[in-house]
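Chain residues, written in single-letter form:
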Amino acid sequence: PDALRWYTRGSAYCAFEEAYKGTLEVGKLADLVALSVDPMTADPSEVRDARVLLTMVGGRIVHDGAPGAILPPQREARGFLPEAGCQCAEGGHG
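One structure accompanies this document, and this report is about it. (Residues numbered from 1 in each chain as written. Predicted model: local features only at pLDDT ≥ 70, side-chain atom pairs only at ≥ 80, totals over all residues. Heavy atoms only, no water.)

### Some points on the pattern of salt bridges
Counted only if it meets this: The salt bridge criterion pairs a side-chain nitrogen of Lys or Arg with a carboxyl oxygen of Asp or Glu, the two atoms within 4 Å. Only DSSP runs of H or I with at least four residues qualify as helices, and only runs of E with at least two residues qualify as strands; both kinds are numbered from the N terminus onward. Each residue's exposure class comes from its accessible area (1.4 Å probe, protein chains only) as a fraction of the maximum for that residue type: buried when under 20%, exposed when over 50%, partly exposed otherwise.
Going through the model one piece at a time under the given rule, you end up with 4 salt bridges. Among the ionic pairs, Asp2 bridges to Arg5, the shortest N-O distance being 2.7 Å. Placement of the pair is Asp2 and Arg5 together in helix 1 (residues 2-14), with a separation of 3 residues, close to one helical turn. Residue classification places Asp2 among the partly exposed residues on the basis of a relative accessible area of 48%. When its relative accessible area of 38% is taken as the criterion, Arg5 is described as partly exposed.

Following this line, the structure appears as structure tokens:
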């Protein structure tokens with residue numbers, strides 16, 4: 001649990017991005033991956049070899065691990081448009 005916490009919350013904190021990254025909360029970017037194993041209970045070697053089932057960046061599905069998956073058009077996460085940069089309250093991140 002500590003390693004996962006440092007990889008997510010800790011990385012965002014070290015990059016001064018904890019206001020919009022690091023945890024899944026309303027108003028944050030929703031960058032995440034869904035793995036074929038539970039990283040909280042699996043052996044480290046199982047996590048290393050896990051399949052990525054889904055990847056989301058900025059609240060958009062950018063990878064679907066299903067064979068032959070075709071991604072439907074996705075709307076942008078509210079308050080974040082990649083071409084405009086970060087629109088978070090602090091501003092200046094994009």
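### Examining the environment of Ala30
Rules: Residue contacts are defined here by distance: any two heavy atoms, one from each residue, within 4.5 Å place the two residues in contact.
Structurally, Ala30 can be placed in the loop between helix 1 and strand 1 (32-35). Ala30 sits in the partly exposed class, given a relative accessible area of 24%. Separated by 31 residues in the primary sequence, Ala30 and Ile61 place their C-alpha atoms 10.0 Å from one another. Apart from the residues lying within four places of it in its own chain, the contact partners of Ala30 are Leu24, Met56, Val57, Gly58 and Gly59.

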